[in-house]
Amino acid sequence: MSAPKKGDLSAREKELFEVISAGNVQEASRLLGCKDVRVNCLDEYGMTPLMHAAYKGKADMCRLLLQHGADVNCNQHEHGYTALMFAGLSGKTDITWMMLDAGAETDVTNSVGRTAAQMAAFVGQHDCVTVINNFFSRARLDYYTKAQGLEKEPKLPSKLAGPLHKIIMSTNLNPVRMVLLVKENPLLAEAEPLDKCRRVMELICEKCIKQQDMNEVLAMKMHFISCVLGKCASFLKEREDGLDGLVRSLLKGRDADGFPVYQEKFVRECIRKFPYCDATLLQQLVRSIAPVEIGNDPTALSVLTQAITGQVGFMDAEFCTTCGEKGAQKRCSICKTVIYCGQTCQKMHWFTHKKVCKKLQEQREKQEAEAAKLRMQQSKGQTLL
Ligand SMILES: [Zn+2]
Ligand SMILES: [Zn+2]
């Protein structure tokens with residue numbers, strides 16, 4: 001069959017575009033089974049059925065089209081938009097993910113030179129930007145599970161690829177969360193496998209810097225993960241309390257205000273140890289962090305998170321005080337100033353939070369009393385007028 005031409009559609013292909021708009025997966029499935037329906041046919045603007053489904057935010061339809069061999073990297077659109085770009089514009093993270101998982105190229109640009117991540121950022125779809133910037137396919141990791149060249153054994157035992165990939169794909173860079181991910185997997189939670197993973201992360205970091213389309217963001221992320229895994233390994237080797245001890249060190253707040261000094265210093269040190277001093281991203285990070293006194297905002301973790309995931313601090317979601325997971329809802333019932341994703345995280349934090357909880361409660365009550373007084377004065381003022 002010759003390559004599809006723009007707007008050259010059979011009657012059934014026209015019908016396919018209609019049922020995609022309507023979201024009728026069953027009917028689309030039937031049409032895709034017909035001989036004269038090409039899954040990569042193009043409408044008059046050069047859009048494929050997959051591009052339409054992605055733009056309309058229809059995940060089931062996208063899945064169906066991919067199963068039928070839709071080309072995720074088709075680049076015939078009149079303005080050079082790809083299916084990944086349409087997914088990013090739709091704001092649907094699951095579809096963005098699906099396109100990436102199907103092999104969508106992230107560095108292709110449209111006719112005005114924008115990548116999918118840049119387009120998504122332009123229209124304010126920051127969650128999609130996060131997904132794109134942090135994507136690292138399992139296949140790229142699996143490369144290290146095969147012995148290369150003269151190697152007798154692969155750098156990464158294949159049983160570690162799954163748990164390591166889970167850590168890589170997490171958009172939550174909070175080191176506590178990462179240690180917990182390590183801890184929950186017995187295969188990973190030992191010094192030797194951790195050292196192997198750490199070395200693979202550094203190799204990928206190097207590759208991200210040295211490849212033609214340099215990806216400093218991903219390089220920094222890989223380096224940071226490598227640092228956290230290295231820290232896990234050294235706690236397992238040197239400390240009796242192992243990973244629990246590391247979690248406690250990372251959470252322990254200073255007496256004055258509960259600020260986790262060790263964690264802040266650790267994150268700063270990781271950034272400083274990034275091996276490619278010329279990287280623009282490194283210089284940006286150092287410039288943002290260096291002038292900040294420890295304990296003040298922004299924290300090194302928030303600066304790093306913003307640089308890597310594109311997440312901005314003023315987002316309306318609440319983050320767990322312990323592990324940094326998004327969507328935390330359980331507030332400490334005494335001080336009501338800290339918030340957790342669940343009881344486990346609250347319990348983990350209590351050994352240090354209990355030292356400042358009362359103080360925070362008093363501060364909050366004082367602030368509330370002052371606010372009430374102010375409101376009263378204002379309303380009195382109004383009656384006098
Ligand atoms: Zn949590
Ligand atoms: Zn409290």
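Here the structure is a predicted model, which means the values were calculated and not measured.

Peer 1: Is there a simple way to explain the UniProt feature "repeat: ANK" (unreviewed entry) in the chain in this structure?
Peer 2: Residues given the UniProt feature "repeat: ANK" (unreviewed entry) here are residues 45-77 and 79-111. Annotated as 48% helix and 0% strand, the span residues 45-77 places its first and last C-alpha atoms 6 Å apart. Strand forms 0% of residues 79-111 and helix 52%; the C-alpha atoms that close the span are 5 Å apart.

Peer 1: I'm lost on the coordination of the zinc ion (ligand 1) in this one. Help?
Peer 2: Each pair of donors in an ideal octahedron of six around a metal sits at 90 or 180 degrees, and each pair in an ideal tetrahedron of four sits at 109.5 degrees. At this site the zinc ion (ligand 1) is bound by C320 (SG), C323 (SG), C341 (SG) and C345 (SG), with donor distances of 2.3 Å. Taken together, the four donor atoms coordinating the zinc ion (ligand 1) span angles of 103 to 113° at the metal, a pattern that classifies the geometry as tetrahedral. Of note, the zinc ion (ligand 1) draws all its donor residues from one chain, in the sequence arrangement C-x2-C-x17-C-x3-C. Assessed through its relative accessible area of 6%, C345 is described here as buried.

Peer 1: Looking at this model, I keep getting lost on the environment of Y276. Mind explaining?
Peer 2: Mapped onto the secondary structure, Y276 falls in the loop between α15 (261-272) and α16 (280-289). Sequence-wise, Y276 and R38 are 238 residues apart; in three dimensions their C-alpha atoms are separated by 47 Å. Leaving out residues up to four positions away in the same chain, Y276 has contacts with C205, E206, I209 and L282.

Peer 1: I tried to follow the environment of K35 on my own but got confused; where do I start?
Peer 2: Along the chain, the position of K35 falls in the loop between α2 (25-32) and α3 (49-55). Sequence-wise, K35 and P186 are 151 residues apart; in three dimensions their C-alpha atoms are separated by 51 Å.

Peer 1: How should the coordination of the zinc ion (ligand 2) be read in this particular structure?
Peer 2: Looking at the zinc ion (ligand 2), the protein donor atoms are C332 (SG), C335 (SG), H353 (NE2) and C357 (SG), and they sit 2.0 to 2.4 Å from it. Geometry at the zinc ion (ligand 2) is tetrahedral, judged from the four donor atoms that bind it and their angles of 104 to 117° at the metal. Counting residues between consecutive donors of the zinc ion (ligand 2) along the chain gives the motif C-x2-C-x17-H-x3-C. Remark: H353 occurs in helix α18 (residues 343-353) and C332 occurs in the loop between β1 (330-331) and β2 (339-340); sequence separation between them is 21 residues.

Peer 1: So what exactly am I meant to see when it comes to the domain arrangement of the chain here?
Peer 2: Interface size is commonly expressed as the accessible area that is lost once the parts come together. Split into domains, the chain comes out as domain 1 (11-133), domain 2 (136-311) and domain 3 (316-385). Look at where the C-alpha atoms of domain 1 and domain 3 centre, and you get two points 44 Å apart.

Peer 1: Honestly, the nonpolar core in this entry has me stumped. Any pointers?
Peer 2: As a rule of thumb, soluble globular proteins bury nonpolar side chains together. By size, the foremost hydrophobic cluster in this structure holds 117 residues, and its most contacted members are M99, L141 and M201. For M201, the contacting residues outside a window of four places in its chain are L141, L164, I168, M222, I225, S226 and L229.

Peer 1: Would you mind going over the pattern of salt bridges with me for this structure?
Peer 2: Two side chains with opposite charge may pair up if their charged atoms get near one another. As enumerated under the stated definition, the model contains 21 salt bridges in all. With its nearest N and O atoms 2.7 Å apart, the salt bridge here joins E13 to R38. In this pair, E13 is assigned in helix α1 (residues 11-22) and R38 in the loop between α2 and α3, connecting sequence segments 25 residues apart. Each member of the pair, E13 together with R38, is buried.

Peer 1: Just to check I follow, could you spell out the UniProt feature "domain: MYND-type" (unreviewed entry) in the chain for this structure?
Peer 2: In the numbering adopted here, UniProt assigns the feature "domain: MYND-type" (unreviewed entry) to residues 320-357. Its end C-alpha atoms 16 Å apart, residues 320-357 is made of 32% helix and 11% strand.

Peer 1: What exactly am I supposed to notice about the packing of aromatic side chains here?
Peer 2: Here the distance between the centres and the angle between the planes together describe a pair of aromatic rings. Applying the stated criterion across every chain yields a total of five aromatic pairs. Judged by centre distance (5.0 Å) and plane angle (85°), the rings of Y143 and Y144 are edge-to-face. By way of ring pairs, the aromatic residues Y55, Y81 and F86 are connected into one cluster. The lysine or arginine in question, R114, covers the ring of F122, its NZ or CZ lying 4.1 Å from the ring centre. The lysine or arginine in question, K207, covers the ring of Y143, its NZ or CZ lying 4.3 Å from the ring centre.

Peer 1: Quick question: what am I supposed to make of the packing of helix α14 (residues 242-251) against α18 here?
Peer 2: Two quantities define a packed helix pair, namely the angle between the helix axes and the distance between the axes. Two elements in contact, α14 and α18, have axes separated by 9 Å at closest approach and are oriented at 55°. Considering the angle they form, α14 stands oblique to α18. Two packed elements cross with a definite hand, and for α14 against α18 that hand is right-handed. Here V247, R248 and L251 of α14 lie close against α18, whose contacting residues are M348, H349, F351 and T352. Residue composition of the contact of α14 with α18, grouped by class: four nonpolar, two polar and one charged.

Peer 1: Teacher, can you tell me more about a positive patch on the surface here?
Peer 2: Positive charge collects at one region of the surface, where R248, K252, K354 and K355 lie side by side. The topology assignment puts K252 in the loop between α14 and α15. Look at K252 and you get partly exposed, because its relative accessible area is 41%.

Peer 1: Explanation requested: the side chain of Q263 in the structure shown.
Peer 2: Looking at where Q263 falls in the secondary structure, it is placed in helix α15. In this structure the side chain of Q263 is engaged in a polar contact, spanning 2.9 Å, whose partner is the backbone oxygen of L250. In this structure Q263 touches N174, P175, V176, L250 and L301, once residues within four positions along its chain are discounted.

Peer 1: Sorry if this is basic, but what is going on with the side chain of N110 here?
Peer 2: Inspection of the secondary structure assignment puts N110 in the loop between α6 (93-101) and α7 (116-122). Residue N110 is classed as buried on the basis of its relative accessible area, which comes to 7%. A polar contact is formed between the side chain of N110 and the backbone nitrogen of V112, at a distance of 3.0 Å. One polar contact links the side chain of N110 to the main-chain amide nitrogen of R114, over a distance of 2.8 Å. With near-sequence residues (within four places) excluded, N110 lies in contact with H79, G80, Y81, M85 and M119.

The rules behind each value
Residues numbered from 1 in each chain as written. Chains lettered and ligands numbered in written order. Predicted model: local features only at pLDDT ≥ 70, side-chain atom pairs only at ≥ 80, totals over all residues. Heavy atoms only, no water. UniProt positions renumbered as here; feature names shortened; annotations may be inferred. Helix = DSSP H or I, 4+ residues; strand = E, 2+ residues; numbered from the N terminus. Donors = N, O, S within 2.8 Å, 3.2 Å for Na, K, Ca; no water. Tetrahedral: all angles 85-135°; square planar, octahedral: opposite > 155°, others 65-115°. Buried < 20%, exposed > 50% of the residue type's maximum accessible area, 1.4 Å probe, protein only. Contact = heavy atoms within 4.5 Å. Domains from an automatic or database assignment. Core = buried A, V, L, I, M, F, W, Y, C linked by side-chain atoms within 4.5 Å. Salt bridge = Lys/Arg side-chain N within 4 Å of Asp/Glu carboxyl O. Phe/Tyr/Trp six-rings, centres within 6.5 Å; stacked < 30°, edge-to-face > 60°. Lys NZ or Arg CZ within 6 Å of the ring centre and 35° of its normal. Axes fitted to C-alpha atoms, helices over the stretch in contact; angles between N-to-C directions. Parallel < 35°, antiparallel > 145°, perpendicular 65-115°, else oblique. Left-handed = near helix turned anticlockwise from the far one by under 90°. Nonpolar A, V, L, I, M, F, W, Y, C, P; charged D, E, K, R; others polar. Patch = residues over 30% accessible without salt bridge, like charges linked within 9 Å, V, L, I, M, F, W, Y side chains within 5 Å. Areas by Shrake-Rupley, 256 points an atom, 1.4 Å probe, with all protein chains shown as cover. Lys, Arg positive; Asp, Glu negative; His and termini not counted. Charge placed at Lys NZ, Arg CZ, Asp CG, Glu CD. Polar contact = N/O pair within 3.5 Å; in protein donor to acceptor, adjacent residues only side chain to side chain.

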